Structures are given as C-alpha cells and as structure tokens.
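Observations on the three-dimensional arrangement
Okay, here's what each chain looks like letter by letter:
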Number of protein chains: 2
Amino acid sequence: MGTSLEIENRSLHDQVVSRVRDLIIEGALEPGARIDEADLIQRLGVSRTPFREALRTLAAEGLVIVRPSRGSTVRKLTREDVKSMLEVLGHLEQLAGELACARASEDEVAALVDLHNQMMKHYLARDRMPYYKLNQEFHSRLTALSKNGSLQEMQSNLQARLKRIRYIGNEKPEYWAGAVADHETMVAALKKRDGKALGEAMATHIRNTWDRVKDSI
Amino acid sequence: MGTSLEIENRSLHDQVVSRVRDLIIEGALEPGARIDEADLIQRLGVSRTPFREALRTLAAEGLVIVRPSRGSTVRKLTREDVKSMLEVLGHLEQLAGELACARASEDEVAALVDLHNQMMKHYLARDRMPYYKLNQEFHSRLTALSKNGSLQEMQSNLQARLKRIRYIGNEKPEYWAGAVADHETMVAALKKRDGKALGEAMATHIRNTWDRVKDSI
DNA sequence: TACTTTATACTTGTATACAAAATACATGAT
DNA sequence: ATCATGTATTTTGTATACAAGTATAAAGTA
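Cut-offs and rules
- Residues numbered from 1 in each chain as written.
- Chains lettered and ligands numbered in written order.
- Predicted model: local features only at pLDDT ≥ 70, side-chain atom pairs only at ≥ 80, totals over all residues.
- Heavy atoms only, no water.
- Helix = DSSP H or I, 4+ residues; strand = E, 2+ residues; numbered from the N terminus.
- Expected span 1.5 Å × (residues − 1).
- Contact = heavy atoms within 4.5 Å.
- Near = heavy atom within 4 Å.
- Polar contact = N/O pair within 3.5 Å; in protein donor to acceptor, adjacent residues only side chain to side chain.
- Domains from an automatic or database assignment.
- Buried area = accessible area lost by both parts, 1.4 Å probe.
- Salt bridge = Lys/Arg side-chain N within 4 Å of Asp/Glu carboxyl O.
- Nonpolar A, V, L, I, M, F, W, Y, C, P; charged D, E, K, R; others polar.
- Phe/Tyr/Trp six-rings, centres within 6.5 Å; stacked < 30°, edge-to-face > 60°.
- Buried < 20%, exposed > 50% of the residue type's maximum accessible area, 1.4 Å probe, protein only.
- pLDDT = per-residue confidence, 0-100.

So, helix 3 (residues 48-61) of chain B
Structural remark: α-helix, 3.6 residues per turn; residues separated by three or four positions point the same way. Compared with an ideal rise of 1.5 Å per residue, which puts 14 residues at 20 Å, helix 3 of chain B spans 20 Å between its outermost C-alpha atoms and is within 8% of the ideal. Of the residues one or two after helix 3 of chain B, G62 of chain B is the one with positive phi, at around 90°.

Considering the environment of G32 of chain A
Residue and element names in this part refer to chain A. Within the secondary structure, G32 is located in the loop between helix 1 (12-25) and helix 2 (37-44). G32 sits 60 residues away from L92 along the chain, and the two C-alpha atoms are 28 Å apart. Apart from the residues lying within four places of it in its own chain, the contact partners of G32 are T73, V74, R75 and K76.

Examining the protein's contact with DNA strand C
Around DNA strand C, a shell composed of 15 residues is seen, among which L12, S47 and T49 of chain A together with R34 and R52 of chain B lie nearest. Close to the protein, within 4 Å, the atoms of DNA strand C are drawn from sugar and phosphate at a rate of 63%. The contact in question runs from a base nitrogen of DNA strand C to an N or O atom on the side chain of T49 of chain A, over 2.7 Å. Contact between DNA strand C and S69 of chain B: a phosphate oxygen at 2.8 Å from a main-chain N or O atom of the residue. Of all the secondary structure elements, the ones that give two or more residues to the surface near DNA strand C are helix 3 (48-61) of chain A together with helix 3 of chain B. For the surface near DNA strand C, the leading source of residues is helix 3 of chain A, giving three residues.

Brief notes about the domain arrangement of chain A
Residue and element names in this part refer to chain A. You can read the domains of chain A as domain 1 (12-74) and domain 2 (79-216). Domain 1 and domain 2 are separated by 28 Å when their C-alpha centres are compared. Of the residues lining the interface, eight residues belong to domain 1; the matching set on domain 2 comes to five residues. Of the roughly 520 Å² buried where domain 1 meets domain 2, counting both sides, 60% is carbon and sulfur surface. Among the residues domain 1 hides against domain 2, the three largest losses belong to I25, E61 and L63. Together they make up 65% of the total. Between domain 1 and domain 2 we count zero salt bridges in total. One can count two residue pairs in polar contact (both at pLDDT 80 or more) joining domain 1 with domain 2. Residues belonging to the side of domain 1 that touches domain 2 are distributed by class as follows: four nonpolar, two polar and two charged.

Thoughts on the protein's contact with DNA strand D
Around DNA strand D there are 14 residues in total, and R34, R52 and S69 of chain A together with S47 and T49 of chain B lie nearest to it. Backbone atoms, meaning sugar and phosphate, make up 60% of the atoms of DNA strand D lying within 4 Å of the protein. R34 of chain A places a side-chain nitrogen or oxygen 2.4 Å from a phosphate oxygen of DNA strand D. Side-chain polar atom of R48 of chain A to a base oxygen of DNA strand D: 2.9 Å apart, as the coordinates give it. With three residues, the top contributor of residues to the surface near DNA strand D is helix 3 of chain B. Split by residue class, the surface near DNA strand D holds four nonpolar, five polar and five charged.

A few points about the packing of aromatic side chains
All names here are of chain A. Under the definition given, this model contains six aromatic pairs over all chains. On the basis of an interplanar angle of 65° and a centroid distance of 5.1 Å, the ring pair of Y131 and W176 is categorised as edge-to-face. Of this pair, Y131 sits in helix 6 (residues 128-144) while W176 sits in helix 8 (residues 173-192); the two residues are 45 residues apart in sequence, bridging distant segments of the chain. Residue class for W176 comes out buried when judged on its relative accessible area of 6%.

Examining the interface of chain A and chain B
Across the contact, 26 residues belong to chain A and 26 residues belong to chain B. In total, about 2,500 Å² of surface goes out of reach between chain A and chain B, with carbon and sulfur atoms giving 57% of it. If you sort the residues of chain A by the area they bury against chain B, R56, H91 and M154 of chain A come out on top, with a joint share of 24%. Here chain A and chain B share eight salt bridges between them. When the shortest N-O distance is used, the salt bridge between R103 of chain A and E87 of chain B registers 2.7 Å. Of all the elements in the fold, those that place two or more residues in the side of chain A that touches chain B are helix 3, helix 4 (79-103) and helix 7 (149-169) of chain A. Tallying contributions element by element places helix 4 of chain A first for the side of chain A that touches chain B, with nine residues. When the residues that make up the side of chain A that touches chain B are grouped by side-chain class, the tally is ten nonpolar, nine polar and seven charged.

A short note on the confidence of the model for chain A
Chain-level pLDDT for chain A is 93 on average; 95% of the residues reach the 70-or-more range. Under a pLDDT of 50 for its full length, residues 1-8 of chain A has, in the predicted model, two contacts with residues more than four places off or in other chains.

Examining the pattern of salt bridges
Summed over the entire model, instances satisfying the criterion amount to 29 salt bridges over all chains. Between R52 of chain B and E37 of chain B there is a salt bridge, with its nearest N and O atoms 3.0 Å apart. With R52 of chain B in helix 3 and E37 of chain B in helix 2 (residues 37-44), this pair connects stretches of sequence that are 15 residues apart. Classification of R52 of chain B as partly exposed rests on a relative accessible area of 29%. For D81 of chain B, the salt bridge goes to R75 of chain B, with nearest N and O atoms at 3.8 Å. Look at the salt bridges and you will find they share partners, linking E37, R48, R52 and R56 of chain A together with E53 of chain B into a network.

Let's talk about the environment of R56 of chain A
Mapped onto the elements of the fold, R56 of chain A is located in helix 3. Overall, the relative accessible area of 14% leaves R56 of chain A in the buried class. Taking the C-alpha atoms as reference, R56 of chain A lies 7.9 Å from V66 of chain A; in sequence the two are ten residues apart. Ignoring any residue separated from it by four or fewer positions in sequence, one finds R56 of chain A in contact with V66 of chain A together with H13, E53, R56 and T57 of chain B.

If you want it as structure tokens, here you go:
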C-alpha cells in the first residue's frame with residue numbers, strides 16, 4: 001500500500017482529490033460547510049475544471065455532496081449514517097479477519113504483530129496521535145491480508161469516511177483501554193490462526209467503537 | 001428506490017452518468033474497450049466537460065479505468081475481481097438477510113414475497129429477461145429491508161459491477177433451476193423471520209453464483 | 001530487414017469565457 | 001412591518017480554445 005512505487009506519476013486529478021480529501025478528513029473543511037470553489041482553486045492553485053472533476057470523485061466516495069446548481073458541501077454524517085457504516089464495517093472486517101487467518105503468510109502475520117507491539121508502546125506512553133495512525137494502518141493491513149481487493153476497497157472507503165469521527169470519539173482514557181484490550185484479543189486470535197475467533201473479535205471491536213463514538217455525534 | 005419523486009430534477013451530470021453506465025452494463029461498450037470521448041459526446045449530445053465529470057464518477061464506482069494522459073477504458077473484470085466481489089457481496093447480503101428479518105415490517109415482507117411469486121411465474125414460463133430483472137430487484141429490495149443505507153449503497157455498487165457477468169453466466173437451465181431453489185429457501189426463511197437461516201441462504205446463493213459464472217469469465 | 005529517430009496527427013488535460021441559474025438585495029404594495 | 005416582486009450580484013454549469021502529451025507513421029541508419 002504505502003510504497004512509493006505507484007505514487008510517482010500522480011495525475012493532477014489524483015493530487016487534488018487527495019488534498020481535498022485530507023482537508024475534509026482533518027476537519028479543515030467542516031462537515032456541512034459549503035465548499036467555496038473560488039477560494040479552494042485559489043488555495044490549491046488549479047483551475048475549476050480539474051477541481052470540479054475531483055469533487056465528482058469525492059462525491060462518489062461519499063465525502064462530498066453535490067446539489068445541482070447550488071454547490072457542494074462537505075458531507076455531514078448523521079447518527080444513523082455512522083451507525084449503519086459501522087454496522088457494515090464491522091461485518092466486513094469480520095470477513096477480513098476470517099480470510100486473513102486462512103490466507104496470510106507467516107511473515108505477514110509477524111509483520112502485523114510487530115505493528116501491534118509498536119501500538120502498545122505508544123499506548124503505554126499515552127501518545128495518542130501515533131497510536132491513532134498506526135491503528136488505522138493496522139486495520140488496513142489486516143484487511144489486506146484477506147487477499148481480497150474488493151474487500152480492501154470497501155474497507156478503506158468506510159474507514160476514510162469515518163476517520164474524523166473515530167478520532168474525536170476516542171478521547172476518554174477508559175475507552176482507549178477498551179480498544180487496546182480488543183486489539184490484544186485480535187492479535188492472539190491471529191497468531192493462533194483462529195479465523196472464527198478473529199472475525200468475532202473484529203466485529204466486537206467495531207461494535208464497541210460505536211459505543212465509544214455515539215455520544216460525540 | 002424506483003419512485004419517480006426524486007428523479008424529476010436530474011442534473012445533466014446524473015443523466016450522463018446513468019446513460020454511460022447503462023451502455024457499459026448492457027455491453028454496448030465492451031469490457032476493456034477504449035472509451036472514445038469524441039464519439040460518445042457526439043452520441044450523447046453533451047460537451048466534454050460534463051462527460052469527463054461523468055467519467056470520474058464512473059471511475060470511482062469502479063466501472064471505468066482512467067489512465068492519465070492515455071484515456072479511459074471500460075473496466076474489464078478479471079476472474080479474481082469477480083471472485084473477490086462475489087465473496088464480499090455474499091457476505092454483505094448475508095448481513096442484509098439477518099437485518100431484514102429483524103427490521104422489516106409485515107407489509108414489506110409480503111411485498112417481497114409477491115415479487116418472488118412473480119419471479120416464479122416467469123421461471124415456469126422460462127422468460128429469462130423478466131426473471132433476470134426481477135431478480136436484481138429482489139436482491140436490492142431485500143437489502144433495503146435491512147434499513148441500512150450504507151449496506152444498500154455497497155450492495156448496489158457491487159450488483160451493478162457484476163450485472164453483466166451474472167447475466168451471461170446464468171444461461172444453462174440447470175443453473176437456473178438451482179438459483180430458483182435457493183430463492184425458495186430464502187423466501188421461506190424470510191417468512192419465518194429466521195435471520196440466521198436467511199443470512200446463510202443468501203451467502204450460499206451467492207457462493208453458488210460463483211460456480212454458475214466462473215466458467216464464463 | 002530490423003531498429004532508431006523524427007515529424008505529424010490525434011487525444012487528452014487544463015484554463016477560460018460565456019450562459020444559466022440561484023441567491024441576495026432593494027423597492028414598492030398591502 | 002411584512003410580504004411580494006423585480007433587479008443586481010454571485011455562483012454554478014457548459015462549451016470551447018489552447019497547451020501538453022501520446023501514439024502513429026515515415027524516413028533514415030546500421
């Protein structure tokens with residue numbers, strides 16, 4: 001994923017898409033806010049044509065709403081949106097967990113366990129940001145071990161849409177501890193290659209995520 | 001879904017997207033084929049700007065591949081693509097089945113059973129086309145009964161991508177009979193509101209779909 | 001003949017200009 | 001004062017022109 005090989009020849013379109021996506025995910029563009037074309041194309045230094053194409057891509061990804069003749073806004077997720085997305089994400093990661101146990105190589109499992117150990121270090125040091133980032137990567141990479149491209153695509157789309165909300169919702173210390181416990185269970189199951197158990201653990205983990213974030217929406 | 005209320009004020013963008021999408025799904029534009037901008041904008045009577053925006057939407061939906069500076073092609077699904085999509089679709093519809101049993105109203109169940117009965121009539125008359133169309137609708141509407149918008153969105157995206165291949169693959173009579181048997185099982189479980197059973201039946205049905213289509217890819 | 005190189009045509013990408021629609025504002029009637 | 005109506009301003013949508021890149025074909029070289 002994060003290798004720099006295929007990133008070299010990024011088209012302007014891709015660049016604009018990911019820059020605007022980042023602005024949305026990081027909250028520089030607030031949910032529900034109007035997207036000011038004139039302002040953004042200025043800031044990004046591109047003209048309207050590629051910018052609007054990027055908006056169409058982001059709209060299809062579900063991050064932006066385009067209302068004909070009345071401009072675009074950053075999609076604002078309702079409680080129901082988040083709940084339904086997490087319901088699906090949990091189910092997808094359950095499948096990912098099952099498949100990963102069946103299909104991952106020993107090395108791949110070892111690499112993921114390493115990542116997990118790093119996360120634990122950050123947890124012990126209470127470094128929220130690096131933990132959060134590795135956590136995203138953990139879920140992405142575990143999903144990748146399913147060797148199912150379509151699953152990865154959908155997982156990553158949902159993860160991107162929910163990124164902001166999950167970050168906000170994870171603030172209380174007891175919540176964090178709960179998430180860490182979930183991860184310990186998951187890694188144990190992965191080591192044992194117990195697909196059913198890992199799947200269950202993933203699903204439970206995401207159900208818990210809902211409990212963690214639901215009050216901050 | 002199919003109500004005409006929200007369709008009234010369709011923007012040009014939406015129209016172009018769905019017309020090109022139909023051309024792809026119906027096979028008028030063959031998988032792997034180059035998309036000739038000049039030709040298509042002529043045929044659709046629009047200019048390049050809205051057409052290219054539509055291509056970006058279709059690319060994000062996974063129906064079109066845009067290679068920078070060298071044009072767009074209709075995405076051609078590999079065996080692996082189809083297999084992984086069906087793996088995910090089966091899992092999603094399993095969830096849909098479980099949720100539908102828990103959340104659908106009596107009327108909604110009755111309406112779906114009606115639809116099923118119509119399908120059976122077409123099967124007995126061996127009218128493939130109307131059966132096929134109702135089948136798509138059956139899966140969409142059952143998924144809608146999950147009352148999970150995100151799930152519907154992903155199901156409908158996968159269904160669209162696979163539409164053509166599933167149509168091609170369903171030609172042998174014994175395959176058709178098998179699909180019909182699956183549907184009988186599904187409807188029986190839905191009537192009993194047995195979520196686990198319906199979920200299982202849906203998953204099995206889609207696994208069988210792979211067996212039905214795999215040799216025609 | 002095979003392999004470069006170079007010129008040409010064609011396709012794609014981006015910017016901009018113009019048209020259409022929507023919003024904001026002001027004026028006047030009730 | 002409130003609402004309606006008409007006008008101005010801003011924003012969005014589409015077409016087109018130009019620039020940049022890619023593929024094609026022709027000519028030259030080994």
